[in-house]
Amino acid sequence: MPEEPCQCPDCQRFYREHDRLIRENPTLRQQQELNWAALQSFRTLAGRVLEELQKTHGDGEAEQSTPQLAASAPADASASPEEESLQQAISDLENINAHLFSIEALMERIFDVRVPEDVEQKFRELAGELAPDPLNADRLRLNRLLHQTPDLPDHRP
């Protein structure tokens, strides 16, 4: 028996977005382009934030490598909790950017794949099954009927 999907607001928002992306991009080519654009926008934004943080707060490694700074005070004693938190965020963003570059290299391989139109049509057909239009008249009627059915477990007579 399949497990019921989570009903928390975050998961419900994810399911809606997942289905919308399938409905609006129902071919292999559209999914390739969508994922490439999402990856590039993530890299652009994360990279710019990292650059700005490094300009205004330093990158931590450069500060520690300066002999005068390293000799003047122990690293643990000189950094406030806010500074340590900020340096950790910078380090995390550096790691994210490194991972995004790796993902980009893999995504380039996905872009090498082209499929014939009949396969793209199969993508469109299955997209309609996986993520049917929530505003479709039949789906709206079905939802209304399900919510009016007293014998379902979530309804009280």
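Bear in mind that the values here come from a model prediction, so they are computed numbers and not experimental data.

Colleague: An account of the packing of aromatic side chains is needed here, citing residue identities and associated values.
Modeller: If you walk through the whole model with that rule in mind, you get 2 aromatic pairs. Between Phe-14 and Tyr-15 the ring centres are 6.0 Å apart and the planes differ by 70°, which places this aromatic pair in the edge-to-face class. Take Phe-14: its relative accessible area is 51%, and that puts it in the exposed class. Arranged with centres 5.5 Å apart and planes meeting at 85°, the rings of Trp-36 and Phe-111 form a pair that is edge-to-face. One end of the pair, Trp-36, is in helix α2 (residues 28–57); the other, Phe-111, is in helix α6 (residues 81–111), with 75 residues separating them in the sequence.

Colleague: Please provide a residue-by-residue account of the pattern of salt bridges, values included.
Modeller: According to the stated counting rule, one finds 9 salt bridges in the structure shown. Across the pair Arg-13 and Asp-10 runs a salt bridge whose closest N-O atoms are separated by 2.3 Å. With Arg-13 and Asp-10 both in helix α1 (residues 9–24) and 3 residues apart, the pair spans about one turn of that helix. With a shortest N-O distance of 2.5 Å, Glu-17 and Arg-20 are connected by a salt bridge. Highlighted residues: Glu-17 and Arg-20, both in helix α1, separated by 3 residues, approximately one helical turn. Given a relative accessible area of 36%, Glu-17 falls into the partly exposed group. A single salt-bridge network, built from bridges that share partners, covers Glu-17, Arg-20 and Glu-24.

Colleague: Outline the environment of Ile-103, listing residues and values.
Modeller: Among the structural elements, Ile-103 can be located in helix α6. Along the backbone, Ile-103 and Leu-39 are 64 residues apart, and their C-alpha atoms lie at a distance of 8.1 Å.

Conventions adopted
Residues numbered from 1 in each chain as written. Predicted model: local features only at pLDDT ≥ 70, side-chain atom pairs only at ≥ 80, totals over all residues. Heavy atoms only, no water. Phe/Tyr/Trp six-rings, centres within 6.5 Å; stacked < 30°, edge-to-face > 60°. Buried < 20%, exposed > 50% of the residue type's maximum accessible area, 1.4 Å probe, protein only. Helix = DSSP H or I, 4+ residues; strand = E, 2+ residues; numbered from the N terminus. Salt bridge = Lys/Arg side-chain N within 4 Å of Asp/Glu carboxyl O.

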